[in-house]
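# Structural overview for review
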Amino acid sequence: MEPLPPLPKSELEIARIVWDLKEATVRQVLEALPEERRLDFWTVQTYLRRLKAKGYLKTRRAGRTNVYSPRVAPDRVIGEVVVDFLDRMFDGEALPLVHHLIHDRGLTDEEIDRLQKTLDDLKRGKR
C-alpha cells in the first residue's frame, strides 16, 4: 500500500474527529471541535475535502449533505506519522525518542510495569 501524504496538524485534528465519530458531516465535525478551537463551517469543509482528496476519508451522500468516514485506519496513519517523525528527528532510531519521552514526561509505577512487560515480551520474541 502506498504511503499517504503527510498531514498538517490542523487536518490531522479534523481526521481524528471523524475517526472518533466513525462518520460525520461538516456540522458534526464543527460541533465536536474543542471550545477554544472554533473554526467556521467553510474552513472545516475545506479540511474535509482535502482529507478526501489525499485519500484519508471517503464520502457518501445523504440528501444534499456529504457524510465523511475514514478510508484508512487510524493505526496506519499513526504508524506513518511516527516513522516520518523518527526519520526527521532521530535518523530513524527509536531508542533516542523513547529515552527522551521517559526522561521528559516521566512514568508512573504502573507505566513502568507495563513498559517492563513489553520489553520482556520483546526479549522472548513475542510481539
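Below: a short report on this structure. Values in this document were obtained by computation on a predicted structure and should not be read as measured data.

Along the chain, the position of E11 falls in helix α1 (residues 9–21). Contact partners of E11, with chain neighbours within four places excluded, come to Y47, R50, L51 and K54.

Right, let's talk about helix α4 (residues 74–90) for a bit. With 17 residues, α4 extends 23 Å from end C-alpha to end C-alpha; this agrees with the ideal 24 Å at 1.5 Å per step. Taken together, the buried positions of α4 are V77, L86 and F90. Buried residues of α4 fall within an arc of 165° about the axis and therefore sit on the same side. The secondary structure elements touched by the buried residues of α4 are α1 and α5 (94–105). Phi turns positive, to about 50°, at D91, one or two residues after α4.

All told, the structure shown has nine salt bridges when counted by the stated rule. Measuring nitrogen to oxygen at the nearest pair gives 2.9 Å for the salt bridge that ties R88 to D84. Taken as a pair, R88 and D84 lie in helix α4 at a separation of four residues, close to a single helical turn. Owing to a relative accessible area of 56%, R88 belongs among the exposed residues under this scheme. Taking the relative accessible area as the measure of exposure, D84 reaches 31% and is therefore partly exposed. A cluster of three or more residues bridged by salt bridges with shared partners is formed by E11, R50 and K54.

Thresholds applied
Residues numbered from 1 in each chain as written. Predicted model: local features only at pLDDT ≥ 70, side-chain atom pairs only at ≥ 80, totals over all residues. Heavy atoms only, no water. Helix = DSSP H or I, 4+ residues; strand = E, 2+ residues; numbered from the N terminus. Contact = heavy atoms within 4.5 Å. Expected span 1.5 Å × (residues − 1). Buried < 20%, exposed > 50% of the residue type's maximum accessible area, 1.4 Å probe, protein only. Arc of directions from axis to C-beta. Salt bridge = Lys/Arg side-chain N within 4 Å of Asp/Glu carboxyl O.

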